[in-house]
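A structural walkthrough
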Amino acid sequence: MTETASGIRTRFAPSPTGFLHIGGARTTLFNWLFARRHKGVFVLRIEDTDEARSTAESVDAILESIRWLGCDWDEGPLDAESDRGPFSPYYQMKRLEHYDKYLRQLLEEGKAYRCYCSKEELDAMRRLAQLEKRPPRYDGRCRLLTERQGRDLEASGRKPSLRFRMPEEGATLVPDLIRGEVSFENRLQQDFVIRKTTGGPTYNFACVVDDHLMRISHVIRGDEHLPNTPSQLQLYRALGWQPPLFAHLSMIMGPDGGKLSKRHGATSVLEYKQQGFLPQALRNYLALLGWSTTDSQQLFSPEELIERFDLAGCQKNPATFDPVKLAWMNGEYIRKTPVPELVRQAEPFLKTAGLASAEGPALERTVALEQEKYKRLADIPGLIEFFYKPVEYTPKAMDKVLRTTGTKETLGGLAERLSRLSPFEEKALESEIRGFCAERGLKAGQVFHPLRAAVTGRTEGPTLFLMLEVMGREMVVSRLRKTIDALG
RNA sequence: GGCGCGUUCGUCUAGCGGCCCAGGACGCUGCCCUCUCAAGGCAGAGAUCACGGGUUCAAAUCCCGUACGCGCCA
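Residues numbered from 1 in each chain as written. Chains lettered and ligands numbered in written order. Predicted model: local features only at pLDDT ≥ 70, side-chain atom pairs only at ≥ 80, totals over all residues. Heavy atoms only, no water.

Quick word on the overall build of chain A
- If you tally the helices and strands in chain A, you get 20 helices and 13 strands.
- Taken against the 2.2 N^0.38 rule, which gives 23 Å for 488 residues, the C-alpha radius of gyration of chain A at 32 Å runs more than 25% over that of a compact globule.
- Its C-alpha atoms give chain A principal-axis dimensions of about 110 × 50 × 40 Å.
- A buried classification covers 49% of the 488 residues belonging to chain A.
- In chain A, of all internal contacts separated by at least 6 residues, the share reaching a separation of at least 24 is 73%.
- Of the roughly 23500 Å² of accessible surface on chain A, 51% is carried by carbon and sulfur atoms.
- Averaging the positions of the 70 positive and the 66 negative side-chain charges in chain A gives two centres separated by 3 Å. (Helix = DSSP H or I, 4+ residues; strand = E, 2+ residues; numbered from the N terminus. Rg over C-alpha atoms; globule rule 2.2 N^0.38 Å. Buried < 20%, exposed > 50% of the residue type's maximum accessible area, 1.4 Å probe, protein only. Contact = heavy atoms within 4.5 Å. Areas by Shrake-Rupley, 256 points an atom, 1.4 Å probe, with all protein chains shown as cover. Lys, Arg positive; Asp, Glu negative; His and termini not counted. Charge placed at Lys NZ, Arg CZ, Asp CG, Glu CD.)

Given below as structure tokens:
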């Protein structure tokens, strides 16, 4: 038993019907932060009761996403089949006996009843209600069915679902750690289905049974679940269980105010990984979507995030996802990463670009030269590839900088001087080149810019002298000569 | 349609009755630094606190409506 002193247990319970999206990642993060903050336990549970849509690939993708985010879980699945923890299994489809047990109990105690209405009948009922401008809720017509009537219906081939008998009067109060107390009138709630005609439990039911059996203390989830909560609370009551504490997080919206979706860009956590976002950066950004401190601090170390996180700082209103701010934050994290570590993290991107084992200066040196410019790891190859590939002049470099009067002679002079310079190091390079400027009566800019354009093909790039040092004499001189030839 | 939730700069947010003619961050603009691009520093533009009523000596903050957005039930 992974019981801890705090007794705090949170969970994230995804349906494996797709990848882990940004909203799910934020929910995961908040559950994880809350558990870690209070020295509690973070549980992962797979809600795969939608057999038609659940896949093992989704389970794998979700687990990979959460691992990458760094939200390690204490109990739950290890992969798409096996799991670990005192309340195993953590897959709902492997827990059917538990649901059956409590389903039977509710039925025996008269707290649930069989409903034989067909889909067609329910649809008709709904249409009629809508026509008469009544709320389209189930009218409870099967509540009073006798056992005999039930048997007859079953004999005629009907399969029953099981419905929970909601109280007809009063209100259900949902205490919410973020929103305060929210009240729902019972007479407006319907007798919801807890077991489908196919025999499987519904989401609301399985969720309650599992949260109870797994001793979840805090249910932190998206606020789309708030309207389900009174039903769940009644279930806890009917089963004689102490409900957990609830905290409903506001949703994450796209820039147009609608649900965050594909047309707003990447929505899958794995896509962010593939673009070269650092997990700490994504975590930091996601934490700030719906949570903040009173001092509006923006950047938090991983430890700090855990120390400072609290539910009281959570926002009630929805937040719009801002990729631009995420990119800024990622840049901040990249700048803080020690270069050897950065190179290691960037390896997949360098490999894809063909730079991982290319001839040329050490990656640690070239990557370091541009560190303050990367917003994503995927930006790295593009900014350093000129060290490893033949120079290609941009139109601007060629027309505005290289094809200017006197430039050819300047480059020729530089090639001559630099081919003899020793040591070929930043300081020596700077004084040599500045001396060259003075001798020829040229302004620094008249020399520096063509020099950069000649050896990189670009008008922007790393600081000049250190870059030349990293390139080395051979590459610098040969590129100067090549440019002179290109200028004809 | 019913129910529920929400509404402070373009965006994320601070604010929980006087400190706010509203503070921070991203982005934007300008300046400085400078061999370019960045990074960094400084400055600036940007919010009649959704709207309308109350309560109060005093409201972004409390109450009531309205509008709009979102969610849930289908």
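Quick look at the sheet that holds strand β6 (residues 161–164)
- Read across the open sheet, the three strands follow the order β5-β6-β9; overall the sheet is antiparallel. For this open sheet the edge positions go to β5 (112–115) and β9 (193–195), each flanked by a neighbour on one side alone. Across the sheet, the mean angle from the axis of one strand to that of its neighbour is 45°, orientation sign disregarded. (Pairing = 2+ DSSP bridges. Axes fitted to C-alpha atoms, helices over the stretch in contact; angles between N-to-C directions.)

Some remarks on the packing of helix α18 (residues 444–456) against helix α19 (residues 464–471)
- As a packed pair, α18 and α19 sit with axes 11 Å apart at the nearest point and diverge in direction by 30°. Considering how the two elements wind past one another, α18 and α19 form a crossing that is left-handed. Across the interface between the two elements, Phe448, Leu451, Arg452, Val455 and Thr456 from α18 touch Leu464, Phe465, Met467, Leu468 and Met471 from α19.
- When its residues are assigned to classes, the contact of α18 with α19 shows eight nonpolar, one polar and one charged. (Left-handed = near helix turned anticlockwise from the far one by under 90°. Nonpolar A, V, L, I, M, F, W, Y, C, P; charged D, E, K, R; others polar.)

Looking at the nonpolar core
- Phe321, Ile384 and Leu480 are the most contacted members of the largest nonpolar core, which totals 104 residues.
- If one sorts the elements of this core by residue count, helix α1 (residues 22–37) sits on top with eight residues.
- With residues near it in sequence (within four places) discarded, Phe321 still touches Ile22, Ile252, Met253, Leu260, Tyr272, Tyr285, Leu286, Leu289 and Leu326.
- In terms of nonpolar packing, the next biggest core, distinct from the first, is built from 32 residues, Val41, Leu213, Leu233 and Leu239 among them. (Core = buried A, V, L, I, M, F, W, Y, C linked by side-chain atoms within 4.5 Å.)

Some words on the packing of aromatic side chains
- Inspection of the entire model under this criterion finds eleven aromatic pairs.
- Ring geometry for Phe30 versus Phe309: centroids 5.0 Å apart, planes at 65°, classification edge-to-face. Residue Phe30 is found in helix α1, and its partner Phe309 is found in the loop between α10 (302–308) and β13 (319–320); the two are separated by 279 residues along the sequence. Exposure class is identical for Phe30 and Phe309. Each is buried.
- Measuring from centroid to centroid gives 5.5 Å for Trp291 and Phe300, while their planes differ by 50°, and the two rings are tilted. Per residue, the accessibility class of Trp291 equals that of Phe300, and both read buried. (Phe/Tyr/Trp six-rings, centres within 6.5 Å; stacked < 30°, edge-to-face > 60°.)

Section: helix α17 (residues 426–440)
- Compared with an ideal rise of 1.5 Å per residue, which puts 15 residues at 21 Å, α17 spans 21 Å between its outermost C-alpha atoms and is within 8% of the ideal.
- Every buried residue belonging to α17 is among Ala428, Leu429, Ile433, Phe436 and Cys437, and all of these are buried. Mapping the buried residues of α17 onto a view down its axis gives an arc of 170°, with all of them on the same face. Exposed residues on α17 whose side chains face more than 90 degrees from its buried face are Lys427, Ser431, Ala438 and Glu439.
- Looking at the packing, one finds that the buried side of α17 touches α16 (407–418), α18 and α19.
- In the stretch just after α17, Gly441 is the one whose phi turns positive, near 65°. (Expected span 1.5 Å × (residues − 1). Arc of directions from axis to C-beta.)

Observations regarding the pairing of strand β10 (residues 218–222)
- Burial analysis of β10 places five of its five residues in the buried class, which makes it a mostly covered element.
- One ladder, built from five bridges, connects β10 with strand β11 (residues 245–249); its direction is parallel. The residue bridging Val219 from the neighbouring strand is Phe246, located in β11.
- Since β10 and β11 lie parallel, the crossover through helix α7 (residues 229–239) that links them has a hand, and here it is right-handed. (Right-handed = clockwise from strand over helix to strand, strands pointing away.)

A word on the environment of Leu260
- Examined against the element boundaries, Leu260 turns out to sit in the loop between β12 (252–253) and α8 (269–275).
- Each C-alpha atom of the pair Leu260 and Gly23 lies 8.4 Å from the other, and the pair is 237 residues apart in sequence.
- Excluding its chain neighbours within four sequence positions, the residues that come into contact with Leu260 are Ile22, Ile252, Met253, Gly254, Thr267 and Phe321.

Quick notes on the protein's contact with RNA strand B
- What surrounds RNA strand B is a group of 47 residues, the closest being Arg126, Arg179, Lys373, Gly461 and Thr463.
- The protein-proximal atoms of RNA strand B, defined as those within 4 Å of the protein, are 78% sugar or phosphate.
- A distance of 2.8 Å separates a phosphate oxygen of RNA strand B from a polar backbone atom of Gly290.
- For the surface near RNA strand B, the elements supplying multiple residues, two or more each, are α4 (119–131), β8 (180–185), β13, α11 (323–336) and α18.
- Across the surface near RNA strand B, the residue classes break down as 17 nonpolar, 17 polar and 13 charged. (Near = heavy atom within 4 Å. Polar contact = N/O pair within 3.5 Å; in protein donor to acceptor, adjacent residues only side chain to side chain.)

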